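The primary structure of each chain is shown beneath.
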Amino acid sequence: MIQIQFVKEEYERWIRALDRVLSVAIKEIEDDMQYRCAVEYAHLVVENIYNQIHMENYAPLSKRYKEWKEKHFPNRGFWRLKDDLVRNIGVFRYDKGFVGGIPAGVMDSGGKSWDLKGKPKEIAMYAKEGEYGIKGKRPARPIFTPSMEEYSEKKWIKQGDMALKIIGDAWR
């Protein structure tokens, strides 16, 4: 017969360590890592818009719109008019995690029609239209999806490594 005997103090120390590691792992996986990823992704989208990354294959604008935009909002490039969209890309809770992007319900500053008037519009609505296009009216000009793919290929793994290190450090 095999018999195992525990030293009570050592056993309790191991249980406390396991509880600490479990607590850190849950917090890291369900909250902290998601938040850091959402922040990095949001920053990447803004950086890509300012640097006009992933926009080389966009369908050309109409000549009329291009001339109007250059006259009233010079040197802005794609995804930029009054920069309402860029200023409102951020991080917000969604379901049980975090998302980088534009929260629903955030309105722009208005004044974006041909006469520079016009009511404010929901930024997420026209961001969706820009990302996916409007069938028969406007081609898709994606920036969020290619930025997400870029993030997943180049940066996401670093956050995973950091999470593993934080969880591993909980043993100490």
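Residues numbered from 1 in each chain as written. Predicted model: local features only at pLDDT ≥ 70, side-chain atom pairs only at ≥ 80, totals over all residues. Heavy atoms only, no water.

## Concerning the overall build of the chain
Right, so step 1: Along its length, the chain carries six helices and two strands.
Right, so step 2: Each helix and strand of the chain, placed in order from N terminus to C terminus, yields the pattern α-α-α-β-β-α-α-α.
Right, so step 3: A globule of 172 residues ought to have a C-alpha radius of gyration of about 16 Å, yet the chain, at 24 Å, is considerably larger.
Right, so step 4: In terms of overall dimensions, the chain has a C-alpha envelope of 90 × 30 × 25 Å along the principal axes.
Right, so step 5: Counting over 172 residues, the chain shows a buried share of 31%.
Right, so step 6: Once local pairs closer than 6 in sequence are excluded, the contacts in the chain between residues at least 24 apart make up 60%.
Right, so step 7: When the accessible surface of the chain is split by element, carbon and sulfur atoms take 58% of a total near 12,200 Å². (Helix = DSSP H or I, 4+ residues; strand = E, 2+ residues; numbered from the N terminus. Rg over C-alpha atoms; globule rule 2.2 N^0.38 Å. Buried < 20%, exposed > 50% of the residue type's maximum accessible area, 1.4 Å probe, protein only. Contact = heavy atoms within 4.5 Å. Areas by Shrake-Rupley, 256 points an atom, 1.4 Å probe, with all protein chains shown as cover.)

## Observations regarding the environment of Tyr 132
Right, so step 1: Along the chain, Tyr 132 turns up in helix α4 (residues 123-132).
Right, so step 2: Sequence-wise, Tyr 132 and Ile 143 are 11 residues apart; in three dimensions their C-alpha atoms are separated by 9.7 Å.
Right, so step 3: Leave out the neighbours within four places in its chain, and Tyr 132 touches Ala 140 and Thr 145.

## A word on the environment of Ile 166
Right, so step 1: Residue position: Ile 166 is located in helix α6 (residues 156-169).
Right, so step 2: Here the alpha-carbon distance between Ile 166 and Val 24, two residues 142 residues apart in the chain, equals 7.7 Å.
Right, so step 3: Not counting residues up to four positions away in its chain, the partners in contact with Ile 166 are Val 24, Glu 28 and Arg 36.

## As for the nonpolar core
Right, so step 1: Among the nonpolar cores identified, the biggest contains 21 residues, and Ile 49, Trp 79, Leu 85, Ile 89, Ile 143 and Phe 144 are the most heavily contacted of them.
Right, so step 2: Top element by residues in this core is helix α1 (residues 8-51). It accounts for eight residues. (Core = buried A, V, L, I, M, F, W, Y, C linked by side-chain atoms within 4.5 Å.)

## Quick word on the packing of aromatic side chains
The description of two aromatic rings rests on the distance between their centres and on the angle between their planes.
Right, so step 1: Scanning all chains against the criterion turns up nine aromatic pairs.
Right, so step 2: Pairing Phe 6 with Tyr 11 gives two aromatic rings, centres 5.4 Å apart and planes at 55 degrees, and the pair type is tilted.
Right, so step 3: Since its relative accessible area comes to 61%, Phe 6 is described here as exposed.
Right, so step 4: A network of ring pairs unites the aromatic residues Tyr 65, Trp 68, Phe 73 and Trp 114 as a single cluster.
Right, so step 5: Over the ring of Trp 114 we find Arg 64, and its NZ or CZ is 4.1 Å from the ring centre. (Phe/Tyr/Trp six-rings, centres within 6.5 Å; stacked < 30°, edge-to-face > 60°. Lys NZ or Arg CZ within 6 Å of the ring centre and 35° of its normal.)

## Focus: the packing of helix α5 (residues 144-154) against α6
Right, so step 1: Packing of α5 against α6 leaves a shortest axis separation of 4 Å and a crossing angle of 45 degrees. Overall, the two elements α5 and α6 adopt an arrangement that is oblique. Note on element contacts: α6 touches α5 through Trp 156, Lys 158 and Gln 159, opposite Tyr 151, Ser 152 and Lys 154.
Right, so step 2: Grouping the constituent residues of the contact of α5 with α6 by class yields two nonpolar, two polar and two charged. (Axes fitted to C-alpha atoms, helices over the stretch in contact; angles between N-to-C directions. Parallel < 35°, antiparallel > 145°, perpendicular 65-115°, else oblique. Nonpolar A, V, L, I, M, F, W, Y, C, P; charged D, E, K, R; others polar.)

Distances and angles like these do not, on their own, reveal function.
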